[in-house]
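These are the residues of each chain, in order.
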Amino acid sequence: MRHPLHPALVHFPVACWSLAVVADVAGLWFGETAWRWSGGLLVAGCSMALAAMLAGMMELSRVPEGAAMGDAWRHMGAMLLAFALFTARLLLRLDHLHLLPPDTLSLLLDGAGFLALSVGGWFGGRLVYIHGVGGSRT
């Protein structure tokens, strides 16, 4: 039995994006030392998300039609939104490849990205734990 690659890869962007949000919020109290970490975490998260999305698209044919496929589409939509929000967050904070401190828009993008990430993760969890996608039932 072949194990799916997508579930193994998604941990990297989820962790990096979540920690980037924490670093930006921590930057409100600890300054540049904290928010500087966010830039690297966003780059790593967005890069690994591309690999995770590619693996997910290649494994989409293993999702059964019906309720599972509906959850797969919702998962993909929410995660694509998270990717777009965190990528916009990264690009808006660059000035000639130098990181800028987070502002109100940056923190709003962080919050919206984290919300989309949470919703997408919930649907991904449904795919695995409710519909059995990637397990011996598919």
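Anyway, here's the lowdown on the structure attached to this text. Just so we're clear, the structure is a prediction, and the values are computed from it rather than from any experiment.

For the rest of this paragraph, the subject is the packing of helix H2 (residues 11–30) against helix H5 (residues 104–129). For any two helices packed against each other, one specifies the crossing angle of their axes together with the interaxial distance. For the pair H2 and H5, the least separation of the axes is 10 Å and the interaxial angle reads 150 degrees. Considering their axes alone, H2 and H5 lie roughly antiparallel with respect to each other. Here H2 runs over H5; the crossing is left-handed. Contacts from Val14, Trp17, Ser18, Val21, Asp24 and Leu28 in H2 reach Leu107, Asp110, Phe114 and Leu117 in H5. By residue class, the composition of the contact of H2 with H5 is seven nonpolar, one polar and two charged.

Throughout the structure, instances matching the rule amount to two aromatic pairs. Residues Trp17 and Phe86 carry aromatic rings whose centres are separated by 4.9 Å and whose planes lie at 20 degrees to one another, so their mutual orientation is stacked. With a gap of 69 residues between them, Trp17 in helix H2 and Phe86 in helix H4 (residues 67–92) connect regions that are remote in the sequence. Neither Trp17 nor Phe86 differs from the other in exposure class; each is buried. On the basis of an interplanar angle of 75 degrees and a centroid distance of 5.0 Å, the ring pair of Trp122 and Phe123 is categorised as edge-to-face.

The rules behind each value
Note on numbering: residues in each chain are counted from 1, in written sequence order. A pLDDT threshold of at least 70 governs which residues receive local features in this predicted model, and a stricter bar of 80 or more applies before side-chain atom pairs are shown or counted, although totals over entire chains, interfaces and linings include all residues. Hydrogen atoms and water are omitted, and side-chain values are computed over all heavy atoms in the structure. Lines are fitted to the C-alpha atoms to define the axes, a helix being fitted only along its stretch in contact, and any angle between axes, read from their N-to-C directions, falls within 0 to 180 degrees. The numbering of helices and of strands both runs from the N terminus, where a helix is a DSSP run of H or I of at least 4 residues and a strand a run of E of at least 2. Roughly parallel means an angle under 35 degrees; roughly antiparallel means over 145; roughly perpendicular covers 65 to 115; every other angle is labelled oblique. For a crossing to be left-handed, the near helix must be turned anticlockwise from the far one by less than a right angle; the clockwise case is right-handed. The contact criterion used throughout is that any non-hydrogen atoms of two residues lie within 4.5 Å. We call Asp, Glu, Lys and Arg charged. Ala, Val, Leu, Ile, Met, Phe, Trp, Tyr, Cys and Pro are nonpolar, and the rest, Gly among them, are polar. The aromatic pairing rule takes the rings of Phe, Tyr and Trp, using the six-membered ring of Trp, and pairs them if the centres are within 6.5 Å, calling planes under 30 degrees apart stacked, those over 60 edge-to-face and the rest tilted. Exposed residues in this analysis have more than 50% of their type's maximum accessible area, buried residues have under 20%, and partly exposed residues fall in between, with area computed by a 1.4 Å probe over protein chains only.

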